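Remarks on the overall topology
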Amino acid sequence: MDFNVRKLATDAGIFFSRAVQFTEEKLGQAEKTELDAHFENLLSRADCTKNWTEKIYRQTEVVLQPNPGARIEEFLYEKLDRKVPPRPTNGEILGQFMLEAAKEFGSGTPYGSTLIKVGDCQRRLGGAEREFLQTSSISFLIPLRNFLEGDWRTISRERKLLENRRLDLDACKARVKKAKAAETKAAAVPDFQETRPRNYVLSASASALWNEELDKAEHELRVAQTEFDRQAEVTRLLLEGISSTHVSRFYMHAALTHATHLSRSVCLALISLLSFRRCPDSLDVNCHPASSPTDPSAFLPLNSPSPLETDALQIEEVQPPASGTRKAKVLYDYDAADSSELSLRADELITVYTVPGMDSDWLIGERGNQKGKVPVTYLELLS
């Protein structure tokens, strides 16, 4: 118990000393150890990263789940370490209603058969939306939350410890400065008009005491400087590592891919509904234009190749530029979405180059006799 009381008193004294030092610095009455420009830049970037990551994380939660009640429910399940019960999307509910209505009207009727087709499309659309939400949560929200709740908390703790080390260092510098001034004053030649030997004895004794105090203060300063330098290096390494903990662009690319597939499903559902409304009199579900409304090529000009055929044709005709090619290391696995792209495997080396008019987010990759488009975010270009 006695040990705890002494430790509490010691901690209280250190806290009070740091508070005094901090207040004097704010009032301009004490010197402050300044960090180098690179370190200050790292601190500024870290604060900027934290602020924007919080904003992006909160707004992404709103986008993925607009219902505040549902978000609170998911938060409680997470805190209780329980699995969130599956919740169907609005698209899946609408598709189920259409299918149930089709059973009531009869699948042999024009209206019933149309509801079956549209309801099935709507149900698949809702399933794609649910998959998109799950993938976005795993690939985007969780890394952001891990950064805020893990990496950033560690960085904040080390930054606070660094600030305490700096206050201790500045306090030691102030004590050394004070001890030097007192020693100089005590070592000054006494007034020769004072003939009593007692004055000389007191002056020599005071000089020895301040000399001892100065040695002690300088030793504490060296210890404080060592601890400050060590903590500064630890904090610097953590701040420089923020760039590696940032969510990579391939997460955004995956989210964009899912959003594109979802948009295509929406278009197909709308096309099915429009094709049904073109024939209100006969209610004939087979009343389609020359091309199937679910075929994207129906919206292309006549005699024009499909997008996939066009991409494949362009890829086959692409030749390496005269300026040469570069080697690239693959960072992550990538599965080609169509025949115009090239599948990748992590850690393999491929040859890449660009061609005029190509999207800056893509390059042409070659591996042996295989050739295709590859996303830049999955590559590390080698010099």
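What comes next concerns the included structure. What you see is a predicted model, and the numbers here were worked out from it, not measured in a lab.

1. Some points on the sheet that holds strand β5 (residues 379–381)
- Reading across the sheet, the 5 strands line up as β4-β3-β2-β1-β5 and stay open at both edges, with antiparallel pairing between neighbours. Of all strands in the sheet, those bounded by a partner on one side alone are β4 (370–375) and β5. If you compare each strand with its neighbour and ignore which way they point, the axes differ by 40° on average.
- As paired strands, strand β1 (residues 326–330) and strand β2 (residues 349–353) are joined by 4 bridges and run antiparallel to one another. Within the sheet, the bridge partner assigned to Ala-328 lies in β2 and is Ile-350.

2. Looking at the pairing of β4
- Direction of pairing for strand β3 (residues 362–367) relative to β4: antiparallel, over a ladder of 6 bridges. What sits directly across from Leu-363, in β4, is Val-374.
- Remark: 2 residues form the turn of the hairpin made by β3 and β4, two consecutive strands paired antiparallel; Gly-368 in that turn has positive phi of roughly 65°.

3. Observations concerning a nonpolar patch on the surface
- Residues Ile-72, Phe-75 and Leu-76 make up a contiguous nonpolar surface patch of about 310 Å² in total accessible area.
- Position of Phe-75 relative to the elements: it lies in helix α3 (residues 68–79).

4. What about the packing of aromatic side chains?
- As enumerated under the stated definition, the model contains 5 aromatic pairs in all.
- Ring geometry for Phe-105 against Tyr-111: centres 4.9 Å apart, planes inclined by 55°, an arrangement best described as tilted.
- Judged by its relative accessible area of 46%, Phe-105 falls in the partly exposed class.
- Through pairs of rings, three or more aromatic residues link up here, namely Tyr-332, Tyr-334, Trp-362 and Tyr-378.
- Stacked on the ring of Trp-52, the Lys or Arg Lys-55 has its end atom at 4.6 Å from the ring centre.
- We note Lys-373 situated over the ring of Trp-362; from NZ or CZ to the ring centre the distance is 5.4 Å.

5. Things to note about helix α2 (residues 37–64)
- The end-to-end C-alpha distance of α2, which contains 28 residues, comes to 40 Å, matching closely the 40 Å that a straight helix rising 1.5 Å per residue would cover.
- If you check which residues of α2 are buried, you get Phe-39, Leu-42, Leu-43, Ala-46, Thr-49, Thr-53, Tyr-57, Thr-60 and Leu-64.
- The opening residue of α2 is Asp-36, an N-cap whose side-chain oxygen sits 3.1 Å from the backbone nitrogen of His-38.

6. Quick notes on unusual backbone geometry
- Despite not being glycine, Asp-81 has its phi angle at roughly 60°, a positive value.
- Even without being a glycine, Asp-347 presents a positive backbone phi close to 75°.
- Residue position: Asp-347 is located in the loop between β1 and β2.

7. Re the pattern of salt bridges
- Overall, the coordinates contain 17 salt bridges when judged by the stated rule.
- Two residues, Arg-165 and Glu-227, come together in a salt bridge whose shortest N-O distance is 3.7 Å. Placement of Arg-165 in helix α5 (residues 110–186) and of Glu-227 in helix α6 (residues 197–240) is noted, with a sequence separation of 62 residues between them.
- Arg-165 sits in the partly exposed class, given a relative accessible area of 22%.
- Put simply, Asp-335 and Arg-345 hold a salt bridge, and the shortest N to O gap is 3.5 Å. Residue Asp-335 is located in the loop between β1 and β2, and its partner Arg-345 is located in the loop between β1 and β2; the two are separated by 10 residues in the primary sequence.
- For Arg-345, a relative accessible area of 43% corresponds to the partly exposed category.
- Here the salt bridges share partners, and the residues they tie into one network are Asp-36, Glu-233 and Arg-236.

8. A few points about helix α4 (residues 90–105)
- The terminal C-alpha atoms of α4, which comprises 16 residues, lie 23 Å apart, in line with the 22 Å expected from a rise of 1.5 Å per residue.
- Here α4 has its buried residues at Gly-91, Glu-92, Gly-95, Met-98, Leu-99 and Ala-102. For α4, the angular spread of buried residues about the axis comes to 120°, placing them on one side. In α4, the exposed residues that point more than 90 degrees away from the buried face are Asn-90, Phe-97 and Glu-104.

Calculation rules
- Residues numbered from 1 in each chain as written.
- Predicted model: local features only at pLDDT ≥ 70, side-chain atom pairs only at ≥ 80, totals over all residues.
- Heavy atoms only, no water.
- Pairing = 2+ DSSP bridges.
- Helix = DSSP H or I, 4+ residues; strand = E, 2+ residues; numbered from the N terminus.
- Axes fitted to C-alpha atoms, helices over the stretch in contact; angles between N-to-C directions.
- Patch = residues over 30% accessible without salt bridge, like charges linked within 9 Å, V, L, I, M, F, W, Y side chains within 5 Å.
- Areas by Shrake-Rupley, 256 points an atom, 1.4 Å probe, with all protein chains shown as cover.
- Salt bridge = Lys/Arg side-chain N within 4 Å of Asp/Glu carboxyl O.
- Phe/Tyr/Trp six-rings, centres within 6.5 Å; stacked < 30°, edge-to-face > 60°.
- Buried < 20%, exposed > 50% of the residue type's maximum accessible area, 1.4 Å probe, protein only.
- Lys NZ or Arg CZ within 6 Å of the ring centre and 35° of its normal.
- Expected span 1.5 Å × (residues − 1).
- Polar contact = N/O pair within 3.5 Å; in protein donor to acceptor, adjacent residues only side chain to side chain.
- Arc of directions from axis to C-beta.

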